[in-house]
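Analysis of the macromolecular model
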Amino acid sequence: MDKKQIRVIMEAFDGAMSMTEENIEFWYARDLMGLLGYKRWENFEKAVKRAMDSCDALKIERLDHFREVTKMVQIGSGSRRAVKDYMLTRYACYLIAMNGDVTKEEIAFAQSYFAVQTRKQELIEERMAYIERTQARERLKESEKRLSQNIYERGVDDSGFARIRSRGDQALFGGYSTKDMKVRLGVKDSRPLADFLPTLTIAAKNLATEMTNYNVEEKDLWGEHFITAEHVQNNTGIRQMLGERGIKPEELPAAEDIKKLERRNKTQDKRIVEKSGSFGENKRYG
């Protein structure tokens, strides 16, 4: 999603926002439904109810953030009928987004949009980049876990796995070992290199690892020697592909420590409730 797309979607979310007499921002669920990529109200209402359950689990009064209302809508015959809707505070919208499929661009945007109080585009872009990088990091963790299991079943111990992974890094980074790259990027020995790599490099490592997993399983490769050769070949292939686009992984600058980003975003998340306002227990709407 580029900056122009983000601006267009941001304007749509801003345009759907309403204000109570007490100047509390809110969105109607039926308006939010389309913005989050849902087609059917029945499916979206399930997401709303999951968000309500999350509110309960966090011991936050759901009526402060979710208010059922009745709206009149026009139907095909020209007549009007009453339909159920919900008024949702910023925090309620955030919970709905958090219970959605983050691989959908609309959901990833909504998580960022409702988490950022000032609604500045650059902050939303930063948050979306964090989500994308976190997803890439989790995919790499899963593919490396699978590789570890695969090679253990084929006669390779933990030390062998470390050597295989290091040789793969050496192939990807043009001869620089994992330790060399940590020195280049200023990463402590105790921390994983991938926690400081940009999203592109994490994705490259993940693709090479997935290719190794596939061929280890399909070709039933056994032993450290053969699996190492496979992993080196796959990382070399990925490096060549990047090189054709003028990209050298070892020359890309370090990204911010992903653990530091996680802590900052968790702090930001904790502030959403207090900053988003609430409808209040005694208010009546709809």
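We now turn to the structure provided with this report. As the structure is a prediction and not an experimental result, all values here were calculated from the model.

**Overview of the overall build of the chain**
A count of helical and extended segments in the chain gives twelve helices and four strands. For the chain, the C-alpha radius of gyration of 24 Å lies well beyond 19 Å, the compact-globule estimate for 286 residues. Seen along its three principal axes, the alpha-carbon backbone of the chain occupies a region of about 75 × 40 × 40 Å. For the chain, the residues scored as buried account for 44% of the 286 residues in total. Contacts spanning at least 24 positions in sequence make up 65% of the contacts within the chain whose residues lie at least 6 apart. Here the chain has roughly 15,700 Å² of accessible surface; of this, 48% comes from carbon and sulfur atoms.

**What about the packing of helix α4 (residues 90-98) against helix α5 (residues 105-115)?**
At a minimum axis distance of 9 Å, the contact between α4 and α5 shows a crossing angle of 150 degrees. Comparing their axes, α5 and α4 come out roughly antiparallel. The crossing of α4 and α5 is left-handed. Of the residues in α5, those in contact with Arg90, Cys93, Tyr94, Ala97 and Met98 of α4 are Ile107, Ala110, Gln111, Tyr113, Phe114 and Ala115. When grouped by side-chain class, the residues that make up the contact of α4 with α5 number nine nonpolar, one polar and one charged.

**Some words on the environment of Glu153**
Mapping Glu153 onto the fold places it in the loop between α6 (121-152) and α7 (158-172). The exposure class assigned to Glu153 is exposed, which follows from its relative accessible area of 53%. For Glu153 and Gly237, which are 84 residues apart along the polypeptide, the C-alpha to C-alpha distance reads 26 Å.

**Side note on the nonpolar core**
Core analysis: the biggest nonpolar cluster contains 39 residues, and Phe44, Phe66 and Ile96 have the highest contact counts within it. At the level of elements, α1 (3-16), α2 (29-35), α3 (41-57), β4 (80-89), α4, α5 and α6 are the ones that each hand at least two residues to this core. Once residues within four sequence positions are removed from consideration, Ile96 is found in contact with Leu32, Leu36, Phe44, Ala47, Val48, Ala51, Phe66 and Leu88. Leu185, Phe196, Ala204 and Leu242 belong to the second-largest nonpolar core, a separate cluster that totals 16 residues.

**Brief notes about the pattern of salt bridges**
Counting across every chain of the model gives 22 salt bridges. Between Arg264 and Glu256 there is a salt bridge whose closest N-O contact spans 2.8 Å.

**Considering unusual backbone geometry**
Positioned with a positive phi, Asn23 is a non-glycine residue whose angle comes to about 65 degrees. Among the secondary structure elements, Asn23 is positioned in the loop between β1 (18-19) and β2 (25-28). When its relative accessible area of 58% is taken as the criterion, Asn23 is described as exposed. Phi at Asp220 takes a positive value of approximately 50 degrees, unusual for a residue other than glycine.

**Observations concerning helix α10 (residues 224-244)**
Helix length check: α10, at 21 residues, gives a terminal C-alpha distance of 30 Å against a target of 30 Å (1.5 Å per residue), a fit within 8%. Elements that come into contact with the buried residues of α10 comprise α6, α7 and α9 (199-218). Just beyond α10, the residue with positive phi is Gly246, at close to 75 degrees.

**What to know about the packing of aromatic side chains**
Each aromatic ring pair is described using two quantities: the centre-to-centre distance and the angle formed by the ring planes. Tallied over the full model, the rule gives twelve aromatic pairs. For the ring pair Trp27 and Tyr113, a centre distance of 6.2 Å and an interplane angle of 85 degrees mean the geometry is edge-to-face. Of this pair, Trp27 sits in strand β2 while Tyr113 sits in helix α5, placing them 86 residues apart in sequence. The same class applies to Trp27 as to Tyr113, namely buried.

Conventions and cut-offs
- Residues numbered from 1 in each chain as written.
- Predicted model: local features only at pLDDT ≥ 70, side-chain atom pairs only at ≥ 80, totals over all residues.
- Heavy atoms only, no water.
- Helix = DSSP H or I, 4+ residues; strand = E, 2+ residues; numbered from the N terminus.
- Rg over C-alpha atoms; globule rule 2.2 N^0.38 Å.
- Buried < 20%, exposed > 50% of the residue type's maximum accessible area, 1.4 Å probe, protein only.
- Contact = heavy atoms within 4.5 Å.
- Areas by Shrake-Rupley, 256 points an atom, 1.4 Å probe, with all protein chains shown as cover.
- Axes fitted to C-alpha atoms, helices over the stretch in contact; angles between N-to-C directions.
- Parallel < 35°, antiparallel > 145°, perpendicular 65-115°, else oblique.
- Left-handed = near helix turned anticlockwise from the far one by under 90°.
- Nonpolar A, V, L, I, M, F, W, Y, C, P; charged D, E, K, R; others polar.
- Core = buried A, V, L, I, M, F, W, Y, C linked by side-chain atoms within 4.5 Å.
- Salt bridge = Lys/Arg side-chain N within 4 Å of Asp/Glu carboxyl O.
- Expected span 1.5 Å × (residues − 1).
- Phe/Tyr/Trp six-rings, centres within 6.5 Å; stacked < 30°, edge-to-face > 60°.

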